[in-house]
Amino acid sequence: MKTKMTGKVTERSTKPCVEDDRTGISVESIKRAFLDHLCYTLGRFPAVATRNDLYMALAYTVRDRLLHRWMKTVESYLREDVKVVSYLSAEFLMGPQLGNNLINLGIYHQVEQAMKELGHELNKMIAQEEEPGLGNGGLGRLAACYLDSLATLRIPAIGYGIRYEFGIFDQEIRDGWQVEVTDKWLHLGNPWEIRRPEITFQVNFGGHTETLCDGSGRYRVRWLPERVVRGVAYDSPVAGYAVNQANMLRLFSAEACESFDFQAFNQGDYYSAIDEKVASENLTKVLYPNDEPVQGKRLRLEQQYFFVSCSLQDMIRLHLLQWQNLKNFHEQYAIQLNDTHPSIAVAELMRLLVDEHAVDWDMAWHITTNTLAYTNHTLLPEALEKWPLELFASLLPRHLEIIYEINRRHLETIAALHPGDSRMLARMSLIDETGERYVRMAHLASVGSHAINGVAALHTDLLKKDVLRDFSRVFPERFLNVTNGVTPRRWMVLANPKLAALISSRIGGRWISHLEEELTKLEDFADDREFQQEWHSIKQDNKLQLARMIKARTGNTVDIESLFDVQVKRIHEYKRQHLNLLYLITLYNRIKENPKTAITPRTIIFGGKAAPGYFMAKLIIKLINSVAEVVNNDPDVAGRIRIVFFPDFNVKTGQWIYPAADLSEQISTAGKEASGTGNMKFALNGALTIGTLDGANVEIREEVGAENFFLFGLTAEEVNDLKARGYNPRDYCNGNESLRRAIDCISSGCFSRGDANLFRPLVDSLLYHDNYLLFADYQSYLDCQERAAAAFRDRSQWTRKSILNVARMGKFSSDRSIREYCSRIWGAKPLADQIDDADLSAAARL
Ligand code: NBG
């Protein structure tokens, strides 16, 4: 039986709790609020304010308006008895907030005007904001797009994560090599967050457990930890687009429970007194770069447990404010595990329910499995998390006991379904006992969740056939696909305002929040010459802007009439930046052989970070820059090929890059890229795709039409077959003259001033392993690039394709993905509260 404790929220308390003149959205109100913040929040005279002061004052002005909506939203939560979605993610790659918030609040133009009247340029203030780089790449950015859509769709939701003091490093390029520079995103303050010193939770580590019998004769377990850390909440509001709703991103920061160990302090040992403080605060100091082996990284397991425990304690606290007990927890909360990073939630929720709240095991398991759902984001075996048992036991002794008990019951179920199949038991166990013993986190997440999803159709298929095959046989009803999406607010309206305005001028502004329904209307304009002309000239403007950034950041001059061919994403062998390079070296060789060769002028733009410990990825960056140096400076090339490595690719720089691309490189080995989301951002900004049948490329091609997609390469099935037959890369190399020459060029030192050793590891890995089948796909890629180059020469046809491409990309809005999660996994519904017309019309003016 549900018993709700809080009474009805009264009429009075539903009124905005802040006076309108504090959060008004007229130009006058904004000007006044801005000057107030400059003076009373920052203590600055306008005359001596720095650009950062101006940005901060404006950010506070905008935050007031966000908080106003957030408070209204919370009141609706209380009134409407809603189910809340908790999105648990170790990464949220939010990107700069100011521009996006202005768009979602519908106050961009008023603010621009207000700043103008005060003599400031809004653009410069927006550019002042540091990138909050609390993520590595696609997975973290997906979480940010989902928060935007959750708020826009008026779904009650909280994003839970870690407030890293240092996010992903900044990348500089020196002498062609990547150099990592610490990211100081907090050094000038973060105006968006609110520290909540009263919302803190204790998180335990280490020690041991003991059993006891409680007053009612129940067997209980008590965990006596060795170390206790405190997690403090920091909240940032996340506004929906053109709605009154704002949700919250709640990130936890670790602090010591006591600042000083007084005993040590009294003995005069100051340094050991602060040891514990330092150790505790280290916990959330830095984001781990991905693509490096995680096995054995104690601090990473600590981070994961830390934020999961704080988040679950917070949900339980909020639940108990409204309800007498936890029996209906799963009806009030849907928790999504963004990859396995938060999968310790399975054991932690069990522990909190059973040990801390005296719920019996079966009921606790029912609640846990009905609350949790798990999204898998990778098939790469090296990226599947597993923790050495000893490490796990030393940090989380009670959780290991719980996992053993879950495993015992789980294996009993399997044994009953598949009697006598001991190999299956070993494969499905939560503990890997094939060598050194490990806890398998993907198995823990799968056993403890009622839904398991992949992030693109092909990926979900492969997940079921490969990584989680046994689980999909035993629990087929748990598996489903939800193809990723991206938010059109940031990736179109904010990043490409001119294109967004052009689209709105023809089909109205509803597409911004109804992409799937509305964008197809653009198809009618694909053959319209005037529209094509406008479309093309916006692309040229965007290319010009990017060309200026390239000049400023790399010193390279690029020709905006050339084909802008772009590959930006993390550097990884499976993403095959070096396949792109093999093509470029081949083009270069052709020019060297015959300087008059007719080729379509191209500017090839690379960007992306390599994990600091991923040697091969760093060598690929060096090779890109080395080839660029030779090719760009060779008079024979005469500007026909220009290669640029754009440093420090992130959300902020991505917003300049995607809108300027003609061709989007999505060339991973089929079966390796779970989905990709850059592929969607490019296509929504009018770039055509050259790609393999991998991840969401498959669905993009289905949507935009085969004739508007440059397809090449082996399929995932062919990749497997070829590997099964025995793949010998040297045969491909010897059998293909231009490939052999390209490889010879690299190994003989053409790009390393004669140094034959520099790139040897890369060349050898291709010649002797080529795990990602570059050689097998080389010729097909070359041919496809030629088709793309030929197509680009017909401007009108190309533009037509570009328009059709955008018109048919509606499926890839994150709004569609979130709707699917809501109806198929979470059972979450939008708030019933309607929005103010005034606010909607303000937003629609964009
Ligand atoms: C990444 C995949 C991408 C995918 C994003 C978001 C991880 C572990 N996975 O293909 O590599 O688009 O997740 O789903 O970062």
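Residues numbered from 1 in each chain as written. Predicted model: local features only at pLDDT ≥ 70, side-chain atom pairs only at ≥ 80, totals over all residues. Heavy atoms only, no water.

Let's talk about the overall build of the chain
Here comes step 1: Helices and strands together make up the secondary structure of the chain, namely 37 helices and 22 strands.
Here comes step 2: Computed over C-alpha atoms, the radius of gyration of the chain comes to 28 Å, within 12% of the 28 Å expected from 2.2 N^0.38 for 846 residues, which places it in the range of a compact globule.
Here comes step 3: Projecting the C-alpha coordinates of the chain onto the three principal axes gives extents of approximately 90 × 75 × 60 Å.
Here comes step 4: Counting the 846 residues in the chain, one finds 61% classified as buried.
Here comes step 5: Sequence-distant contacts in the chain: of pairs separated by 6 or more residues, those separated by 24 or more amount to 78%.
Here comes step 6: When the accessible area of the chain is evaluated, it comes to approximately 32,600 Å², of which 51% is carbon and sulfur surface.
Here comes step 7: Side-chain charges in the chain split into 100 positive and 109 negative, and the spacing between the mean points of these groups amounts to 2 Å. (Helix = DSSP H or I, 4+ residues; strand = E, 2+ residues; numbered from the N terminus. Rg over C-alpha atoms; globule rule 2.2 N^0.38 Å. Buried < 20%, exposed > 50% of the residue type's maximum accessible area, 1.4 Å probe, protein only. Contact = heavy atoms within 4.5 Å. Areas by Shrake-Rupley, 256 points an atom, 1.4 Å probe, with all protein chains shown as cover. Lys, Arg positive; Asp, Glu negative; His and termini not counted. Charge placed at Lys NZ, Arg CZ, Asp CG, Glu CD.)

Things to note about the sheet that holds strand β17 (residues 563-568)
Here comes step 1: Reading across the sheet, the 6 strands line up as β19-β18-β17-β20-β21-β22 and stay open at both edges, with parallel pairing between neighbours. Strands at the two margins of the open sheet, each flanked by one partner only, are β19 (641-646) and β22 (709-711). Going from strand to strand, the sheet's axes swing by 20° on average, the running direction of each strand aside.
Here comes step 2: Summarising the sheet, strand β20 (residues 663-666) and strand β21 (residues 688-691) pair through 4 bridges and their orientation is parallel. The partner of S664 across the bridge, within β21, is T689. (Pairing = 2+ DSSP bridges. Axes fitted to C-alpha atoms, helices over the stretch in contact; angles between N-to-C directions.)

Things to note about the pattern of salt bridges
Here comes step 1: Under the counting rule described, the total for this entry stands at 59 salt bridges.
Here comes step 2: Between K285 and E165 there is a salt bridge whose closest N-O contact spans 3.0 Å. Here E165 lies in the loop between β2 (157-162) and β3 (170-174) and K285 lies in the loop between α10 (270-282) and α11 (298-322), a separation of 120 residues in the sequence.
Here comes step 3: Look at K285 and you get partly exposed, because its relative accessible area is 26%.
Here comes step 4: The partner of R351 in a salt bridge is E348, and the shortest N-O contact between them spans 2.9 Å. Here R351 pairs with E348, and both are found in helix α13 (residues 345-356), just 3 residues apart, close to one helical turn. In this pair, the class of R351 matches that of E348, namely buried. (Salt bridge = Lys/Arg side-chain N within 4 Å of Asp/Glu carboxyl O.)

So, the pairing of β20
Here comes step 1: A two-sided burial pattern is seen for β20, the buried positions comprising L663 and E665 on one face and S664 and Q666 on the other.
Here comes step 2: Two elements, β17 and β20, share 2 bridges in a ladder whose sense is parallel. Its bridge partner being in β20, D565 is matched across the sheet by L663.

Some remarks on the site of the ligand
Here comes step 1: Every one of the 13 residues lining the ligand counts as a neighbour, but H377, N484, E673, S675 and G676 are closest to it.
Here comes step 2: Taking N484, its side chain carries an N or O atom lying 2.9 Å from an oxygen atom of the ligand.
Here comes step 3: Measuring from an oxygen atom of the ligand, one finds a backbone N or O atom of A674 at 3.3 Å.
Here comes step 4: In isolation the ligand exposes 380 Å². Once the protein is present, 87% of that is buried. (Near = heavy atom within 4 Å. Polar contact = N/O pair within 3.5 Å; in protein donor to acceptor, adjacent residues only side chain to side chain.)

Section: the nonpolar core
Burial of nonpolar side chains together is a common tendency in soluble globular proteins.
Here comes step 1: Residues L88, F306, F329, F392 and W826 are the most contacted members of the largest nonpolar core, which totals 113 residues.
Here comes step 2: The element best represented in this core is α11, accounting for 9 residues.
Here comes step 3: Setting aside chain neighbours within four positions, we find W826 in contact with K83, V85, Y87, L150, A334, Q336, I818 and Y821.
Here comes step 4: One finds L105, W491, Y658 and I700 within the second-largest nonpolar core, a separate group that totals 84 residues. (Core = buried A, V, L, I, M, F, W, Y, C linked by side-chain atoms within 4.5 Å.)

A short note on helix α4 (residues 51-80)
Here comes step 1: Between the first and last C-alpha of α4 there are 43 Å, a value that for 30 residues agrees with the 44 Å anticipated at 1.5 Å per step.
Here comes step 2: With 24 of its 30 residues buried, α4 lies for the most part within the structure. (Expected span 1.5 Å × (residues − 1).)

Topic: the packing of aromatic side chains
What characterises a pair of aromatic rings is the spacing of the ring centres plus the angle enclosed by the ring planes.
Here comes step 1: Inspection of every chain in the model, using the stated rule, returns 19 aromatic pairs.
Here comes step 2: Centroid distance F205 to Y305: 5.8 Å. Interplanar angle 85°. Geometry classified as edge-to-face. Of this pair, F205 sits in strand β5 (residues 194-205) while Y305 sits in helix α11, and the two are 100 residues apart along the sequence.
Here comes step 3: On the numbers, 6.3 Å between centres and 50° between planes, the contact of W223 with Y305 is tilted. Separated by 82 residues along the polypeptide, W223 in strand β7 (residues 219-224) and Y305 in helix α11 bring together distant segments of the chain.
Here comes step 4: For W223, a relative accessible area of 8% puts it in the buried group.
Here comes step 5: An aromatic cluster of at least three residues, connected via ring pairs, comprises Y87, Y146, Y821 and W826.
Here comes step 6: Over the aromatic face of F564 sits the side chain of K543, whose NZ or CZ is 4.8 Å from the ring centroid.
Here comes step 7: The side chain of K609 reaches across the aromatic face of F169, ending 5.6 Å from its centre. (Phe/Tyr/Trp six-rings, centres within 6.5 Å; stacked < 30°, edge-to-face > 60°. Lys NZ or Arg CZ within 6 Å of the ring centre and 35° of its normal.)

Remarks on the side chain of R602
Here comes step 1: Take R602: it is sitting in strand β18 (residues 602-607).
Here comes step 2: On the accessibility criterion, R602 (1% relative accessible area) is buried.
Here comes step 3: There is a polar contact of 3.2 Å between the side chain of R602 and the side chain of Y583.
Here comes step 4: Excluding anything up to four places from it in sequence, R602 contacts S562, L563, D565, Y583, L587, R640, I641, R642, L663, Q785 and A789.

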